[in-house]
Amino acid sequence: QERGSEILPAAHIAISEVNGLPNFLPGYNLQLTEVFTEGCNTELALVEAVKHLFDEREMTVGIIGLFCDEVTKRISQFATRYRGLLQLSGSINPALQDNSRYPNLYRMLPSSVVHIEAVIQLMEKLQWNKIGILYAGIDDTFYISTAQTFAKTQNATNKNINVSFYGEVPSTEIPGFPVLQHLHRSGTKITLLLLPSSIASELICRAYANGMRWPNYGWLLLEKDGQYWSTSHKCNESTMRKVS
């Protein structure tokens, strides 16, 4: 478990209920081993997984509590090759929907595809036919995967929506954000931000300072951790809500 300690009580209840059903797993008694991997530490997560999978004193049947994308991918691929173990993940990365690569991976949360479909429906409802997409150019597949999935979903639904601007926001671009100038020149008014909260907050604050605010401009935020407001800039939450 690298995040998601809030699921531990539910996991304990589930284990207790399964063990209390005499005909469900006769002859077996499930136990929950808690492992903390210091954030999204992929190497530590793999070491802990190998340690428990090859421990002859215990028979591991599943791994739950996977939230970070890279940890989920590495653990899932390893566990599937090793013994076809069940994996339960809280990641919303659409790239993990590939059942051929992750056949034993089950999700506690729907992927970001549902958010993409909601954005498309919102645009259709409000008769918006043009949108820009900005995704983070960092070592995290969630952002680029979600951006690519938006384009695929939009094409598959045959909606009259034009992606007028599709761009990457490198982490080195802060604090200049020339991408705002590119957006303005493209005539894009509605933009979907697939960015970490720290970058998205700073960008929206700059947009506010440059007059790129509602109703002339709109910003739709999709951040996998749901933490939209960073305090590393000069805008407060009230200002941020006005611009977005």
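Residues numbered from 1 in each chain as written. Predicted model: local features only at pLDDT ≥ 70, side-chain atom pairs only at ≥ 80, totals over all residues. Heavy atoms only, no water.

**Considerations on the sheet that holds strand S2 (residues 86-89)**
- Overall, parallel pairing links the three strands, which are arranged S1-S2-S3 in an open sheet. In this open sheet, the two strands that pair with only one neighbour each are strand S1 (62-66) and strand S3 (105-107). Here the strands of the sheet are splayed against their neighbours by 20° on average, with no regard to which way each runs.
- Bridge analysis of S2 against S3 gives three bridges, and the strand direction is parallel. (Pairing = 2+ DSSP bridges. Helix = DSSP H or I, 4+ residues; strand = E, 2+ residues; numbered from the N terminus. Axes fitted to C-alpha atoms, helices over the stretch in contact; angles between N-to-C directions.)

**Considerations on the pairing of strand S6 (residues 190-194)**
- With five of five residues buried, S6 lies mostly within the body of the structure.
- Alternating positions in S6 separate into two faces, Ile 190, Leu 192 and Leu 194 on one and Thr 191 and Leu 193 on the other, with burial throughout.
- Relative to strand S7 (residues 218-221), S6 runs parallel, the two being bridged by four bridges. Each residue of the ladder has a partner; that of Ile 190, found in S7, is Gly 218. (Buried < 20%, exposed > 50% of the residue type's maximum accessible area, 1.4 Å probe, protein only.)

**Re the pattern of salt bridges**
- Here the structure, examined in full by the defined rule, presents two salt bridges.
- Note that Lys 51 is salt-bridged to Glu 48, the shortest N-O span being 3.1 Å. Of this pair, Lys 51 and Glu 48 both sit in helix H2 (residues 42-53), three residues apart, which is roughly one turn of that helix.
- The buried category is assigned to Glu 48, whose relative accessible area is 17%.
- As a salt-bridge pair, Arg 206 and Glu 202 come within 3.3 Å of each other at their nearest N and O atoms. Here Arg 206 pairs with Glu 202, and both are found in helix H7 (residues 197-209), just four residues apart, close to one helical turn.
- Residue Glu 202 is classed as buried on the basis of its relative accessible area of 12%. (Salt bridge = Lys/Arg side-chain N within 4 Å of Asp/Glu carboxyl O.)

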